[in-house]
Amino acid sequence: MLERLGKMLGGKQEDTTSTTFDDKGVIPHHIAVIMDGNGRWAKKRNLPRIAGHHQGMKTVKEIVRAADAIGVGILTMYAFSTENWKRPKDEVDYLMKLPQEFLATELKELMERNVRISMIGSREELPEHTLKALLEAEQKTKNNTGLQLNFALNYGGRVEIVKAMKEIADLVKAGELKPEQIDEELISSHLYTREIPDPDLLIRTSGEIRVSNFMLWQLAYTEFWFTDVFWPDFKREHFYQAIADYQRRARRYGAV
Ligand code: IPE
Ligand code: IPE
Ligand code: MG
């Protein structure tokens, strides 16, 4: 809290000018984002879909800055789903190059901002160059203590749960675990997000009202916020609007 206040008062004042949320209210600790609408943004302009992805990368920079400026703890960005391999090869190839491109231009600023990067998702199917860039970013930023920026890449909520179930079954089979020891905490500890608390707020852009296999287990009590704005058009003010709306909600977790 003090750290956040300090951040807002010291040095980064310019970052918070368009703030519409209550800066004394609760800032969601973990915000997850389904960045959607890049293709339609491009189509509307008669551009190839990859132009939308390129523009979308600029939004990522902007939102990372916006989150950092107000002391969001964790930002998880859905960048590529396990289903996105079904897209045309040139589009997939381009998306697999984006992490390198993003990190090549942004890693310096991310280091200055004390951002810690990590990747969630299945690493096995990723091209070597994509994985290399991500591992390097994870390695370089691993001691940073500011915003944690997770990229969900080749991420699928069901695949994640299947992987956890297999690991747990193996432990039972090996006699290291009794079935009665399986509980929510144990399952959580076998997910990609084992070290990350569940999202407080989920944002999805582009007017689609679905989760598309994102964090199925973790979203159990997350607040959802949708906007028709395409991801490349999504700005800091939209992000802060989502937070303002979040602050007006009552999270009951089943209680009264
Ligand atoms: C989101 O934009 C980016 C990824 C899924 C990789 P889309 O590429 O899904 O854009 P639309 O939904 O086709 O407009
Ligand atoms: C979800 O968007 C995946 C990402 C944003 C990375 P999609 O565009 O793939 O989702 P659907 O196909 O519309 O459900
Ligand atoms: Mg889409």
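Residues numbered from 1 in each chain as written. Chains lettered and ligands numbered in written order. Predicted model: local features only at pLDDT ≥ 70, side-chain atom pairs only at ≥ 80, totals over all residues. Heavy atoms only, no water.

(A) Broad picture of the pairing of strand S2 (residues 74–81). Among the eight residues of S2, seven are classified as buried, and the element is accordingly described as predominantly covered. The pairing of strand S1 (residues 30–34) with S2 spans five bridges and is parallel. Paired with Val33 across the strands is Met77, a residue of S2. Here seven bridges tie S2 to strand S4 (residues 148–155), and the two strands are oriented parallel to one another. Looking at S4, one finds that Ser81 is bridged to Tyr155. (Buried < 20%, exposed > 50% of the residue type's maximum accessible area, 1.4 Å probe, protein only. Helix = DSSP H or I, 4+ residues; strand = E, 2+ residues; numbered from the N terminus. Pairing = 2+ DSSP bridges.)

(B) View of the site of ligand 1. For ligand 1, the set of nearby residues contains 13 residues, the closest of which are Asp36, Gly39, Arg40, Arg49 and Arg87. Note that an oxygen atom of ligand 1 is positioned 3.1 Å from one of the backbone N or O atoms of Asn38. Between ligand 1 and Arg49 there is a distance of 2.9 Å, counted from an oxygen atom to a side-chain nitrogen or oxygen. Expressed as a share of its isolated accessible area of 380 Å², the protein-covered part of ligand 1 is 87%. Elements represented by at least two residues in the shell around ligand 1 include exactly helix H2 (38–44), helix H3 (49–69) and helix H4 (89–112). (Near = heavy atom within 4 Å. Polar contact = N/O pair within 3.5 Å; in protein donor to acceptor, adjacent residues only side chain to side chain. Areas by Shrake-Rupley, 256 points an atom, 1.4 Å probe, with all protein chains shown as cover.)

(C) The confidence of the model for the protein chain, seen in detail. Mean pLDDT over the protein chain works out to 93, with 93% of the residues at or above the 70 mark. Helix H1 (residues 2–9) is the least confidently modelled element of the protein chain, averaging 43 in pLDDT, while S1 averages 99, the highest of any element. Predicted confidence for residues 1–17 stays below pLDDT 50, and this span has 20 contacts to residues more than four positions away or in other chains. (pLDDT = per-residue confidence, 0-100. Contact = heavy atoms within 4.5 Å.)

(D) Helix H6 (residues 157–173), seen in detail. The end-to-end C-alpha distance of H6 is 24 Å, a good match for the 24 Å that 17 residues give at a rise of 1.5 Å each. Inspection of H6 places Gly157, Glu160, Ala164 and Ile168 among the buried residues, and these make up the whole buried set. Angular distribution of buried residues about the axis of H6 spans 65°; they occupy a single face of the element. More than 90 degrees from the buried face of H6, the exposed residues found are Arg158, Lys166 and Lys173. Looking one or two places after H6, you find Gly175, whose phi comes out positive at around 80°. (Expected span 1.5 Å × (residues − 1). Arc of directions from axis to C-beta.)

(E) Representation of the pairing of strand S5 (residues 201–204) within the structure. By the alternation rule, side chains of S5 split into Leu201 and Ile203 and Leu202 and Arg204, which are all buried. The sheet contact formed by S1 and S5 spans four bridges and is parallel. Across the sheet, the residue bridging to Ala32 is Leu202, located in S5. In this structure, S5 lies alongside strand S6 (residues 223–226), joined through four bridges in parallel fashion. When the bridges of S6 are listed, Leu202 appears paired with Phe224.

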